[in-house]
Every structure is written in structure tokens, then in C-alpha cells.
Amino acid sequence: QHKDAYQVILDGVKGGAKEKRLAAQFIPKFFKHFPELADSAINAQLDLCEDEDVSIRRQAIKELPQFATGDNLPRVADILTQLLQSDDSAEFNLVNNALLSIFKMDAKGTLGGLFSQILQGEDIVRERAIKFLSTKLKTLPEEVMTKEVEEFILTESKKVLEDVTGEEFVLFMKILSGLKSLQTVSGRQQLVELVAEQADLEQTFNPSDTDCVDRLLQCTRQAVPLFSKNVHSTKFVTYFCEHVLPNLSSLTTLVEGLDIQLEVLKLLAEMSSFCGDMEKLESNLKKLFDKLLEYMPLPPEEAENGENAGNEEPKLQFSYVECLLYSFHQLGRKLPDFLTAKLNAEKLKDFKIRLQYFARGLQVYIRQLRLALQGKTGEALKTEENKIKVVALKITNNINVLIKDLFHIPPSYKSTVTLSWKPVQKADASQKRASEDTTSSSPPKKASPGPKRDARQIYNPPSGKYSSNLGSFSYEQRGGFRGGRGRGWGGRGNRSRGRIY
């Protein structure tokens, strides 16, 4: 009976500022009484959401949740998602709050609107909608985030993951690993399979293709926190041993300041603890052993008078050796007679000589470090210089423990060490991923070839200078890969543009 009066209110959106302000309040207020004018009412409110006057826009956005009834809710969610592209902070906050309030009315309907924009909206809308999900979902109560809602998120996320950038992939892993239903062993297994699919472990590895290398590293970083004694890393460890280790020296990356070889070895070391039964264990252990030998030099030959025969002292690269020795020690447990039965006597003798030489250099180094740190506590240990020494001591102690194990007859694989870049934790929590601070030390004699990278803790011998270049390297800040190489991490296809109100 008041249809004409409501139509006058709707027409107010074409009037001046005062009429528009009144319309922004009254259109939603009486909306439910005029279902036959629902479309016109929503469209009128949308016009106000795009008004030139910021105060009118804010008022109109604030009232949008009142339109989210029944079949209108997904449409309102879609509209609000598109409005996330606003650069006005107050407006942007209103959109966020409006989305959260309709989430509590109907989570699946709201997610439908968000995902339709992620799949088809403009880049800025897609980016902000993903960001919204990654930051806001975890704040919603359990009665909103039901099992059914979480299953819907997983199903829709899988569609998005068919075509994502590296950065988007990291955010989606954050979203999915936060879901309660995926905290179980089978849930974690599902996530590992998703990551393995993204990493494309069936493809031939190309060490000179930065996109291929970065995709593998980015995916592996996402997988590492998911591994446990029940969720195995076998597929990844196998791929690293078969394809990455043999190409270690030719790896390339566009990430400035990253020691790519060390990064790969660290990931392999972290995964090696959770490797299950491996098909080609012996051949992969051999690849790992061969790579370890490259970093375990033979002692320099001595001249008859007992002096060094002009040969330079070999470089001892402790950080690399810690990773390789740890990985070998972990996988060696699965084939304990590898060193005694699978290697000929000559090779074993050669290995023992290398171990002995490395252990000698190690002892000198450990003594120097202990002496330098003696009596230092609290604040004194927090200086950059001493922080580096503490890490260097962890690395060298770890190598020392592992070498002692391998010197047993027969070699033993019983000792446990905590990798130098991971915080010391109780055994049951050891599978948790360490903080993103990454650390390493350089050789005691001379710096290793190639530029040393920043974002790594670098230790020089006590007489030298110390690196002041410390800091953490945030995995999540590495750029997306829009290079159009290979499935999923290239530029996205021709999605439709423009608003789809």
C-alpha cells in the first residue's frame, strides 16, 4: 500500500546530497516490506555506494547487510567483495565489517560471493578477497565455521589453485592449514598432496629456469610444516635427491640475497626426518653421499719435510655439511649397512679420512668459539657478533655429534641433534616449523666462492671481521610468479573484467 512512497525514496538517489543521504538510510530500512521492488532497491543502494560524496558512499555501504536476506545474500556478498577495492580506509573497514556481519548470517552464501570474485573479478578485487579470507576466517567462531563450511572452502580453493601466482598459493595454504577439519592426519595428508600437485613433482627439473626453481622452493616451504611421523615427506625427499641435488651448483633464483644452494639443503634436511619407505633408497642415498663428499675435502698432501706442499688449506663449509650430514644420517638409518656393505673398502677408507680431517678442523674451531663466548651471558650474548658465534657453535657441535656416530664400527645412526636454525624443542613438538630466521656460517679459512648473501648469519674466523648483515628472511614476501611458464604459476587466463553487479 505504500509502494508509491517507497518508489519516491528510491528515486531520491537521483536527487541532491540531502535526498541521497535520506535514501541511503530509508531504502534499507523499509526494504523487507517491498519484495517486488527488491531489485530496484538494491540497484539504487549500489548507485549510492558509488556516489562521488564519500560520506554518502560510507552510509550506503554500512547499510548493505540489511539487504542480505534469502536469495539476495550471495549477491550482496559479491557486491561487498567488489567494494574491497576501495582506497578510502574508512570505507574499506566498513566493507570488511559488512562482510563479517553477513558471514554470521550465512557463511556459505558469503563465501560464494567472495569466491566468484576471486575466480572472475578484477586483479585488485581478487587480491583483496584472498587477503580478506586469509586474515578474517580465523577470527570467526566455530558455530560459523562448521564442517560443511570448511568443506566448501576446500572445494572452492581447489578451483582457485588450478591457476595461482606464488604469493596467492602461500595465502591459500595459510587459509587451508588453519581450517579445523584439516588439522587431522588425513587433513594434513590432503594438504601435502595439494602442495605436491602445485610443485609438479612429475615434471623434469630445470635448474636454470628461475620460475621452476622458485616454485619448487615455495611449495616445499609450505609442505615442511605439514610433515610428521604420520605424514611423510617421501615424495619430496625423493625428488630432491633425484633431480635437485645433482643440479645443486647450477640452481638459479631471482630472489636477491638468497643462498639458493643452502636454502635447498636446509629444506632437504628438515624433510629428511619424516621420510617414509623410499623405493630407490640405495641410489638416492648414494646421490646424497656423493654430494656430501664434495664438501668433505681430503687433507692437503704434505711435503717430505712435513710442511704443506704449497696446497691451499681446503675450505670447510660448515653450513652445507651440517645439512648434508644430517640428511645422510636420517636416511642412512633406513639402510644402516650402506657404508659397510654398499661401498667398497677403498671408498669407506677415503670417507673415514675425510671425516677425520673435517673433525680435526672442527675441534680447533669449536675451541676458538667456546673461548670467545666464555663467561658471556644475557645482554652480552645478544650482540650481533656473539649471536653469530652462538649459531656457529650450534652448527659445529651438530656436525661433531654426527661425525662421531659415523666413526662407530659399524657406523651408528642413533644420535639426535636439533638443526642449528631451529629452536630447541621437546621431542614431541620437533615437527613444528622453526621461525623464519635462517642462519648459516661460512668456512673458517676463506669465504666460500660466490658472493655471500644477506639475510644469513655469516661467521668468519675469530681474527676476521664479523658480518653485520643479519636479519630474518620472510618466506611470504617473495613475489608471485607471473611468468607464464608451466601450469599454475604463470599469468592467469583471460578472466572477465569489470563489475558484475
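This section reports on the structure supplied with the text. (Residues numbered from 1 in each chain as written. Predicted model: local features only at pLDDT ≥ 70, side-chain atom pairs only at ≥ 80, totals over all residues. Heavy atoms only, no water.)

**Quick word on the pattern of salt bridges**
For the coordinates displayed, the defined rule picks out 20 salt bridges. Between lysine 108 and glutamate 148 there is a salt bridge, with its nearest N and O atoms 3.2 Å apart. Residue lysine 108 is found in helix H7 (residues 107-120), and its partner glutamate 148 is found in helix H9 (residues 147-160); the two are separated by 40 residues along the sequence. On the basis of relative accessible area, lysine 108 is assigned to the partly exposed category, the value being 34%. (Salt bridge = Lys/Arg side-chain N within 4 Å of Asp/Glu carboxyl O. Helix = DSSP H or I, 4+ residues; strand = E, 2+ residues; numbered from the N terminus. Buried < 20%, exposed > 50% of the residue type's maximum accessible area, 1.4 Å probe, protein only.)

**Topic: the nonpolar core**
Formed by 147 residues in total, the largest nonpolar core has its most connected members in Ile27, Leu80, Phe236, Phe328 and Leu339. Element by element, the count of residues in this core is highest for helix H18 (residues 345-373), at 11 residues. When near neighbours in sequence (up to four residues on either side) are disregarded, leucine 80 contacts Ile61, Leu64, Val95, Ala98, Leu99 and Ile102. (Core = buried A, V, L, I, M, F, W, Y, C linked by side-chain atoms within 4.5 Å. Contact = heavy atoms within 4.5 Å.)

**Here we look at the packing of aromatic side chains**
Applying the stated criterion across every chain yields a total of 15 aromatic pairs. Between phenylalanine 227 and phenylalanine 236, the aromatic rings sit 5.8 Å apart at their centres with planes inclined by 65 degrees, giving edge-to-face as the arrangement. Judged by its relative accessible area of 1%, phenylalanine 227 falls in the buried class. For phenylalanine 236, a relative accessible area of 1% corresponds to the buried category. Between phenylalanine 328 and phenylalanine 351 the ring centres are 6.5 Å apart and the planes differ by 70 degrees, which places this aromatic pair in the edge-to-face class. Of this pair, phenylalanine 328 sits in helix H16 (residues 318-332) while phenylalanine 351 sits in helix H18, and the two are 23 residues apart along the sequence. (Phe/Tyr/Trp six-rings, centres within 6.5 Å; stacked < 30°, edge-to-face > 60°.)

**Notes on helix H15 (residues 281-294)**
Spanning 14 residues, H15 covers 20 Å between terminal C-alpha atoms, matching the ideal 20 Å at 1.5 Å per step. Where H15 is concerned, the buried positions are Leu281, Asn284, Leu285, Leu288, Phe289, Lys291, Leu292 and Leu293. The inward-facing, buried residues of H15 abut helix H13 (234-244), helix H14 (260-272), H16, helix H17 (338-342) and H18. (Expected span 1.5 Å × (residues − 1).)

**Thoughts on the packing of H18 against helix H19 (residues 384-407)**
In the contact formed by H18 and H19, the axes pass within 9 Å of each other and the chain directions differ by 145 degrees. For the pair H18 and H19, the crossing hand works out as left-handed. Split by residue class, the contact of H18 with H19 holds 17 nonpolar, 6 polar and 3 charged. (Axes fitted to C-alpha atoms, helices over the stretch in contact; angles between N-to-C directions. Left-handed = near helix turned anticlockwise from the far one by under 90°. Nonpolar A, V, L, I, M, F, W, Y, C, P; charged D, E, K, R; others polar.)

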